[in-house]
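# Topology and contacts: notes
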Amino acid sequence: MTETLSSKIVYTGQQRIAELAQRAPQMGLTSLNHFLGRSWFYEAFLATRRNGAVGVDGQTWAEYSTNLQTNLQSLEDRAKSGTYRAPPVRRVRIPKGTGNETRPIGIPTVEDKVLQRAVVMALEPIYEQDFLDCSYGFRPGRSAHQALEALWKQLMAIGGGWVVEMDIRKFFDTLDHAQLRALLRHRVRDGVLLRLISKWLHAGVLEDGCLSYPEEGTPQGGVISPLLANVYLHYVLDVWFEQEVKPRLKGRAFLIRYADDFVMGFACEEDARRVLEVLPKRFGKYGLTLHPDKTRLVAFQRPRASSSSKVQGSEPPGSFDFLGLMHHWGVSRRGQWVVQRRTSRSRFQRALLRMADWCRRHCHLSVAEQQRTLGQKLRGHFAYYGITGNMDALQRFRNHVLGIWRKWLGRRRRGGTLSWSRFWDLLKRFPLPTARVVHSVYGGAAKA
C-alpha cells in the first residue's frame, strides 16, 4: 500500500468519525476500532518520530521498520483481540527550571507509540467537535501563539481587568483514573479503545531499574497523554466555566487554556474573587489540587492617565506569566497603554543556562560546527519569543549568548581568554542570527 493511498483512507475515516460525532453530540460512539486497519497503523507509524528516545526494550524506529508489515499486522491483531500487553514506560527526569525540581517524562516503546498514535487518530476527530475555543494545547491547528494572541485580544477588550493565574500541582501525576474513564465514556463506548487506554493507565513505570505501578496519573511523554489531559480538563474546567460559571457572573469573563496551563480574566473584581474561592473545591472533586504559591489574583486594569507625561511617570501595574511570557501594561509608541509581553525571567535564565551548558560540553567542536548549532538554537528562541514588544529581551538574550560563546572559545586558547576585538573579527566570518520579531500584532513578520 502506498503512502498516498493510506493517507487518503485515514483521512476519509477521520472525516466519517467527525461527522458521526457532530451529528450526535451527546452520544457515545461504539464502533470505532473497525476504522483501525492496516493503513491506519501505517500512518501512525509514519507519524512516530524516527529519532525518538527508545523505550524499555531498546528498539529503535529503524529496527522496528525492518519487518514493518508483519509487525503492524501483529500489532493490529493483538490490539483488537485484547491480547496486547502495554509495556512499562521508561521514566527519565529533566530539570523543570524552578530550583531543583524535575519533571518526570515517560518514554514508551516504538510499538506502543504507534498504537497510541493510532488510537489518538481515532479519538481526535470526536473531541475536536466537542472542545471549546478556549483550549489550545496539543490540538491540530491551534498553537501556543494563537493562545497568546487570544489572551492579548481579551485583555485589551476588557481593559485588563482582574486575572486569576493558576497552576495545577503535578497534574499529569495525579490524574484520577476512575474519573478519566467515566469522562471518556461520555463520548467513547468502543470496548477495544477503552480497554487499550485502561492498559496504558495501568502500565508500569521503570525508573533507575525499579518497576512500579502508579495508581493515578498518566506519563508525560506518552503519545496519548496530551489528548487524555485535554479530555479531562475539558469537562473539569472548560465546560464548567462556560456553562455554570459565566452565566452567574456580573461582568465579562474569559478562560484561555493551553494543556494544563490556563488563566482566567474578569472585568469585575467580585466575580474573580468568587471564582477563585470555588476553584479549589471544583478541582478537589476530581482529585486535583491548585499550587498555593502559584495561584493568585492579579489586578491587571489598564492604568489611567490624563496626559502622556503622567503615563510615562506612572508606576507599572501588576503582571503575570503565561506560556513563558510575562504580560504587563506598557506604553506604545503612540503613547497609549497596551498589553505588552516579554520573556519571563525564569524562562530567560533557563534558556541561558542551557546555552552555557551546551557551549561548555561542545567547546571542542570546530567553530563552524558551533556556529551552526548555536544559530539553530537562537532561531528557535526567536521563533517562539519573537513577539511584538519583546525586542529588548531578544537582543539581551543574543548578547548574553555572544558573551557565553566568547568565554568558552577562550578556554580553547593557551591564555584562557579571547579578546573582544578578536571575537568580533571571528563573528564576521561566523555570524550568529540577529534578533527579530516573528509574531507581530500588526500582522506578518517584522524584521529587526
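Residues numbered from 1 in each chain as written. Predicted model: local features only at pLDDT ≥ 70, side-chain atom pairs only at ≥ 80, totals over all residues. Heavy atoms only, no water.

On to the packing of aromatic side chains, then. Going through the model one piece at a time under the given rule, you end up with 18 aromatic pairs. The positively charged end of Arg142 is found above the aromatic ring belonging to Tyr136, 4.2 Å away from the centroid. (Phe/Tyr/Trp six-rings, centres within 6.5 Å; stacked < 30°, edge-to-face > 60°. Lys NZ or Arg CZ within 6 Å of the ring centre and 35° of its normal.)

In this structure, Arg341 sits in strand E11 (residues 337-343). One buried charged residue, Arg341, remains without a salt bridge, the closest side chain of opposite sign being Glu149 at 8.2 Å. Not counting the four nearest positions on each side in its chain, Arg341 is found in contact with Leu148, Trp152, Leu325, Met326, His327, His328, Ile387, Thr388, Gly389, Asn390 and Val441. (Helix = DSSP H or I, 4+ residues; strand = E, 2+ residues; numbered from the N terminus. Buried < 20%, exposed > 50% of the residue type's maximum accessible area, 1.4 Å probe, protein only. Lys, Arg positive; Asp, Glu negative; His and termini not counted. Salt bridge = Lys/Arg side-chain N within 4 Å of Asp/Glu carboxyl O. Contact = heavy atoms within 4.5 Å.)

The next subject is the state of the cysteines. Applying the stated rule across the entire model yields zero disulfides. Cysteine Cys363 shares no disulfide, and the gap to the nearest cysteine sulfur, in Cys359, comes to 8.8 Å. (Disulfide = S-S within 2.5 Å.)

Moving on, we come to unusual backbone geometry. Residues other than glycine predominantly adopt negative phi, and peptide bonds predominantly adopt the trans conformation. Despite not being glycine, Lys170 shows a phi value in the positive range, around 45°. Note that Lys170 resides in the loop between strand E3 (162-167) and helix H7 (171-174). A positive phi angle is found at Asp208, which is not glycine, with a value near 55°. Locating Asp208 in the fold gives a position in the loop between strand E4 (205-207) and strand E5 (210-212).

A separate point is helix H4 (residues 68-81). Given a rise of 1.5 Å per residue, 14 residues ought to cover 20 Å, and the 20 Å separating the end C-alpha atoms of H4 matches this to within 8%. Within H4 the residues assigned to the buried category are Leu68, Leu72, Leu75, Glu76 and Ala79. Projection of H4 onto a plane perpendicular to its axis shows the buried side chains occupying an angular sector of 100°, all on one side. Those residues of H4 hidden inside the fold are in contact with helix H2 (38-46), helix H3 (61-65), helix H5 (110-127) and helix H9 (191-201). (Expected span 1.5 Å × (residues − 1). Arc of directions from axis to C-beta.)

For the rest of this paragraph, the subject is the confidence of the model for the protein chain. The predicted model of the protein chain averages 89 in pLDDT, with 94% of residues at 70 or higher. The low-confidence segment residues 306-315 (pLDDT under 50) makes seven contacts with residues lying over four places distant or belonging to another chain. Counted against residues more than four places away or in other chains, residues 444-448, with its pLDDT under 50, gives 11 contacts. (pLDDT = per-residue confidence, 0-100.)

Further remarks concern the sheet that holds strand E7 (residues 261-266). Sheet strands pair via backbone hydrogen bonds, and the direction of the pair is either parallel or antiparallel. Spatially, four strands are ordered E6-E7-E3-E8 in an open sheet, and the strand pairing comes out antiparallel. On the outer flanks of this sheet lie strand E6 (253-258) and strand E8 (296-299), each paired with one strand and no other. Taken over all neighbouring pairs, the strand axes of this sheet differ in orientation by 20° on average, direction set aside. Bridge count for E3 against E8 is four bridges, and the pairing is antiparallel. Bridged to Val163 within E8 is Val298. (Pairing = 2+ DSSP bridges. Axes fitted to C-alpha atoms, helices over the stretch in contact; angles between N-to-C directions.)

We now examine the environment of Gln179. Among the structural elements, Gln179 can be located in helix H8 (residues 177-184). For the pair Gln179 and Trp200, spaced 21 residues apart in sequence, the C-alpha separation works out to 15 Å. The residues touching Gln179, leaving out its near neighbours within four places in the chain, are Tyr232, Lys285 and Tyr286. For Gln179, the side chain forms a polar contact with the main-chain oxygen of Lys285, separated by 3.3 Å. (Polar contact = N/O pair within 3.5 Å; in protein donor to acceptor, adjacent residues only side chain to side chain.)

Right, let's get into helix H11 (residues 269-285). With 17 residues, H11 should cover 24 Å at 1.5 Å per step; its first-to-last C-alpha distance of 25 Å lies within 8% of that length. When we look at burial in H11, the residues that qualify are Asp271, Ala272, Val275, Leu279, Arg282 and Phe283. For H11, the elements touching its buried residues are E3, helix H10 (225-245), E7 and E8. Looking one or two residues past H11, Gly287 carries a phi angle of roughly 80°, positive in sign.

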